[in-house]
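# Working through the structure, step by step
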Amino acid sequence: MRSGRSDRSDRSGRSLGSERANVAPSNDPNDSNDSNDSNDPNDPNDPNGSNGSNGSNGSNDLTSTVRRMFTEGGPLSRTLDGYEPRDGQRRMAEAVAAVVESGGTLLAEAGTGTGKTLAYLIPAILSGHRVLVSTGTKNLQEQIFFKDLPALRDALGVPFTATLMKGRANYLCLHRWELFRDGVDGNTSAAGRLIETSDRVLLPIIDLWAKKTETGDRAELRDLPEHLPLWNEIAAEADTCLGTECPRYDECFVTRMRQRAAESDVVIVNHHLLCADASVRQSEYGEVIPFCPTLVIDEAHQLEDIATQYFGCSLSAYRIEDLVGDADRLLTGAARTFTVRENEETARALARVSDHSRMFFSGLALARALHPGGGQESRARYTAESLEDHFEDGMALAGALEGLEATLALAQKPDPNPTPDVNEALATLQRRAGEMRNDLRFLMRASDPDFVYYVETRGRGIFLRASPIDVSRIVRDVLFERMRAIVLTSATLAVDGSFEYVRARLGIKQASEVRVASEFDFARQALLYLPRRVPPPKAPAFAEAAAREITEILKRSRGRAFVLFTSYAVLRAVQQVVEMTLPYPILVQGTAPRTDLIERFRATPGAVLLATSSFWQGVDVVGEALSCVIIDKLPFASPGDPVTAARIDAINAAGGDAFADYQVPLAILALQQGLGRLIRHRADRGVLAVLDPRLRTMGYGRRFLASLPPAPVTHDLEAVSRFFM
Ligand code: SF4
């Protein structure tokens, strides 16, 4: 398994927060959840990992205690506003209680409206074992921490504490900040970046905040722009962390967050942090999540994709620039501890790394521009042979990194050392240079059959990447194996009524299963419209016909719709038509940050949002503002994508049928997610429309149809008109 060192591109959009909820004990004398468990909560060798504070009354009792919680007139009915007992929620909670008590794995599909978060939180908390909850989205993470857990405080009648953990990049690194602040000189930062006027405005603000913040979480600085180059130079990344050797280790915000989490009964993370943490677990520098014997993975359908990002390997000019910048900063800040010769030699070694990095990556960028290969794809597969033209530049960069390692090693003073901090910083830089050299060689060799190698272009950046083709073994070894009890849940986890697909993708052999249907009444609340007039997606007339159909549907729904596309090309074609012909406000993905667009959609009467993949899941709009979801094509993953292509090849080579066993199930889950945006509440009503005729005309269409919500189906636009009357 590769170490999964992250590039700058990997850090974007991985924000999560760290706060601690202290949940006070109840005074209710009727609650008798005395703790029977006095084990050390922080002991990873304790197979139960009991937090010792909550305690169930024994294995049989947990299930009956949990069952009582969910009954009519039970604690939830008495304490939660508007709580209605739901049979499906209780069944899921009992299944979770069983697996939390006896260990093992549970696969739980809980349709929309089940209330699945309470169904796992309650047994997990009452079990007395510390629980780690990982979510796919920040929204769900915050909902659990700020809404569900406080609501459970009175209902459970037992004390528990919880910590919400964000990814390391959200926190200020005190050590880097001090070096940065003290090293800003003239017009450039020590990383060689031009100091902008906005940086000069922000410096005193950050300085003041750094002195008084309790958490170091950048979310407290509300006006800080999302993508701020300055933040990259002062964030508490694992890559740049000095660990226990850091002079600010005790005050470090990440250290303190970890300590808070280690004392908590419930720790809430997201899949990005979960995977990032597991990928650096062997290192003393990166791991922040404490050991928890119970793991709940919510939105589990996203786990394979996110694990693929973290258990691979990636190198870009950005990652190398970060290293050079940090080394430059150290040289500037601690110049007096080095001899003139050491200063000159290190500066020369850094310049060599910078030059060779520029040469290598600009050569790759030029080749990508001349031979894009994958057409519109921003990722293109490569082999060692296809990299041949860049081999010399790559080896020269590896040599320069090796030279830097040697120079940094020589600059470290032998004991007794008057400046141990500088020594440790040099050793960290040396380690990072070594990791980059190893990663570059691994990427240039491109010979590990378990990985797929590709070049990715993002904006002006170019990245060499290797991703694991099959993450099941990695997920099992680094995430699942150390857990006593695992619950994987989602509103969309089963395909054709079976968990076979998720079992195969995540390597789950033994597991209990529970499926709970949606609480919503689709027969009454929704209508499924499958038009007959749209040609197959490959037909030249598809975009035009789709635009016509979408216009007609939107006229009837009076806007108030998400139109979800699988490609930008069709999105743009439809955008031109609907902007010209319809009076509704049209919002388009990419014109503003995702959260802003959702807010504007909610606040703008009759708004229509045109979007692609990132809006297919994790978006919640309750009420009339969203009364229609239109999907243009069945969301098959592009077979031109290197990772998808490698997985298809691997399944077929092993004698499987990649289309039936991988591509169709993956697309069914994506379609279910997209359509799942519509009905988020019992009072919601709306029309789901899928334009792709393959749903009706192809054999595999039956599998999609069987997975759609049980709403009445129509092929008649007039039925859509009547629905909205
Ligand atoms: S321990 Fe690491 S993250 Fe914390 S202040 Fe030190 S270098 Fe920064």
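Attention here is on the structure that accompanies the text.

Quick notes on the rules
- Residues numbered from 1 in each chain as written.
- Predicted model: local features only at pLDDT ≥ 70, side-chain atom pairs only at ≥ 80, totals over all residues.
- Heavy atoms only, no water.
- Buried < 20%, exposed > 50% of the residue type's maximum accessible area, 1.4 Å probe, protein only.
- Helix = DSSP H or I, 4+ residues; strand = E, 2+ residues; numbered from the N terminus.
- Pairing = 2+ DSSP bridges.
- Near = heavy atom within 4 Å.
- Nonpolar A, V, L, I, M, F, W, Y, C, P; charged D, E, K, R; others polar.
- Phe/Tyr/Trp six-rings, centres within 6.5 Å; stacked < 30°, edge-to-face > 60°.
- Lys NZ or Arg CZ within 6 Å of the ring centre and 35° of its normal.
- Contact = heavy atoms within 4.5 Å.
- Axes fitted to C-alpha atoms, helices over the stretch in contact; angles between N-to-C directions.

### A short note on the pairing of strand S18 (residues 686-690)
- S18 sits mainly inside the fold: five of its five residues count as buried.
- The side-chain alternation of S18 yields two buried faces, one formed by Gly686, Leu688 and Val690 and the other by Val687 and Ala689.
- As paired strands, strand S13 (residues 526-529) and S18 are joined by four bridges and run parallel to one another. Within the sheet, the bridge partner assigned to Leu528 lies in S18 and is Leu688.
- By the bridge criterion, four bridges tie strand S17 (residues 628-631) to S18 in an arrangement that is parallel. In the sheet register, Ile630 faces S18, and the bridge partner there is Ala689.

### Comments concerning the site of the ligand
- The environment of the ligand is formed by Arg168, Cys173, Leu174, His175, Ala236, Cys241, Leu242, Gly243, Cys246, Tyr249 and Cys252.
- Grouping the constituent residues of the shell around the ligand by class yields eight nonpolar, two polar and one charged.

### Focus: the packing of aromatic side chains
- On inspection of all chains with the given rule, the structure shows 14 aromatic pairs.
- Each ring, one from Phe360 and one from Phe361, has its centre 5.0 Å from the other, and the planes form 70°; the classification is edge-to-face.
- Relative accessible area serves as the criterion here: at 4%, Phe361 is assigned to the buried category.
- Put simply, the rings of Tyr382, Phe442, Phe451 and Tyr453 touch in pairs and so form one group of aromatic residues.
- Here Arg465 stacks its cationic end above the ring of Phe463, 4.6 Å away from the centre of that ring.
- The cationic tip of Arg685 hangs over the ring face of Phe723; the distance from NZ or CZ to the ring centre is 4.0 Å.

### Looking at the sheet that holds strand S19 (residues 713-714)
- Reading across the sheet, the seven strands line up as S15-S16-S14-S17-S18-S13-S19 and stay open at both edges, with parallel pairing between neighbours. Each edge of the sheet is formed by a strand with only one pairing partner; in this case those strands are strand S15 (586-588) and S19.
- The sheet contact formed by S13 and S19 spans two bridges and is parallel. Residue pairing across strands places Tyr529 opposite Thr714, the latter belonging to S19.
- Each of S15 and strand S16 (608-611) is contacted by helix H21 (residues 568-581), which is oriented at about 160° to S15, the strand it contacts most.

### Overview of the sheet that holds strand S9 (residues 451-458)
- Read across the sheet, four strands follow the order S7-S10-S9-S8 without closing on themselves; strand pairing throughout is antiparallel. In the strand order of this sheet, the two ends are held by strand S7 (313-316) and strand S8 (379-381), each with one partner. Along the sheet, successive strands turn relative to each other by an average axial angle of 20°, direction set aside.

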